Amino acid sequence: GENVEQHPSTLSVQEGDSAVIKCTYSDSASNYFPWYKQELGKRPQLIIDIRSNVGEKKDQRIAVTLNKTAKHFSLHITETQPEDSAVYFCAASSSGGYQKVTFGTGTKLQVIP
Amino acid sequence: GAGVSQSPSNKVTEKGKDVELRCDPISGHTALYWYRQRLGQGLEFLIYFQGNSAPDKSGLPSDRFSAERTGESVSTLTIQRTQQEDSAVYLCASSLKSKGSEQYFGPGTRLTVT
């Protein structure tokens, strides 16, 4: 089955700096890679996703890159703000008939004002 | 529209008792997932339902755990003879197959076993 590894487990940055979270996956059939943000005491929510036919996707201060050859993808947050503090989960799945999503172990991001 | 709902929001039970957790997915979502999240930890996959296919039960930690889903609607997760290590937040999520695997999570049920 799919295995997703995520690094780092914790990350502290100064407000305004950039943050990068990296994930690797094992199943070459995976073609959908979402990122979820979970604020303290709340449910995970999708913040951005990328499909395997795209190498990079941006949404304001958030971007995700995908390297299919190396089987890794990354989340980049620029100009970090205190409200970016949360746990971020990467995930991988296929969009075929079997869509089980495999999550990474999470990265706790702390943005220091 | 309405999102994924779960009930109860909180459940305190005595060790050895059975509990039943309920998930109402978004209407039309064919896929439904259950996860367990211990305090400060990640999302532990439990079970996955996809339409009328046989569920993927590979994440259920023991035979005390079981889940059912009627068609593409409500799902219940049952934990028999609860143990203290079952204390966690149980999250349900649903997704629409045609859009890949974007998941919509419910608010969770916080289970405390005393």
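Just so it is clear, the model here is predicted, and its values are computed rather than measured.

(A) Here's a closer look at the layout of surface pockets. Empty space within the largest pocket amounts to approximately 930 Å³. Going through the elements one at a time, strand E4 (32-38), strand E5 (45-51), strand E9 (86-92) and strand E11 (107-112) of chain A together with strand E8 (88-95) and strand E10 (109-113) of chain B are the ones with two or more residues in the lining of the largest pocket. Residue composition of the lining of the largest pocket, by class: 12 nonpolar, 19 polar and 7 charged. Computed from the structure, the second largest pocket encloses a volume of approximately 380 Å³. In terms of residue class, the lining of the second largest pocket is built from 9 nonpolar, 8 polar and 3 charged.

(B) Focus on the sheet that holds strand E7 (residues 62-67) of chain A. Residue and element names in this part refer to chain A. Strands sit in the order E1-E3-E8-E7-E6 across an open sheet of 5 strands; the sheet is antiparallel. If you trace the sheet from one side to the other, it starts and ends with strand E1 (4-7) and strand E6 (56-59), each paired once. Strand after strand, the sheet turns through a mean of 15° between neighbouring axes, direction not considered. Looking at chain direction, E6 and E7 are connected through 4 bridges and run antiparallel.

(C) Local environment of the pattern of salt bridges. Counted by the stated rule, this structure contains 8 salt bridges over all chains. The partner of B:Arg22 in a salt bridge is B:Asp24, with the nearest N and O atoms 2.8 Å apart. Overall, the relative accessible area of 22% leaves B:Asp24 in the partly exposed class. A salt bridge links B:Glu44 to B:Arg38, with the shortest nitrogen-to-oxygen separation between them at 4.0 Å. Three or more residues are tied together by salt bridges with common partners; here these are A:Lys37, A:Glu39 and A:Lys42.

Criteria and cut-off values
- Residues numbered from 1 in each chain as written.
- Chains lettered and ligands numbered in written order.
- Predicted model: local features only at pLDDT ≥ 70, side-chain atom pairs only at ≥ 80, totals over all residues.
- Heavy atoms only, no water.
- 1 Å grid on protein atoms, 1.4 Å probe; cavity = no way out; pocket = protein on both sides within 12 Å on 5 of 7 lines; lining within 4 Å.
- Points joined across faces, edges and corners; volume = space filled by probe spheres on them.
- Helix = DSSP H or I, 4+ residues; strand = E, 2+ residues; numbered from the N terminus.
- Nonpolar A, V, L, I, M, F, W, Y, C, P; charged D, E, K, R; others polar.
- Pairing = 2+ DSSP bridges.
- Axes fitted to C-alpha atoms, helices over the stretch in contact; angles between N-to-C directions.
- Salt bridge = Lys/Arg side-chain N within 4 Å of Asp/Glu carboxyl O.
- Buried < 20%, exposed > 50% of the residue type's maximum accessible area, 1.4 Å probe, protein only.

Interpretation in functional terms is not warranted from these geometric data alone.
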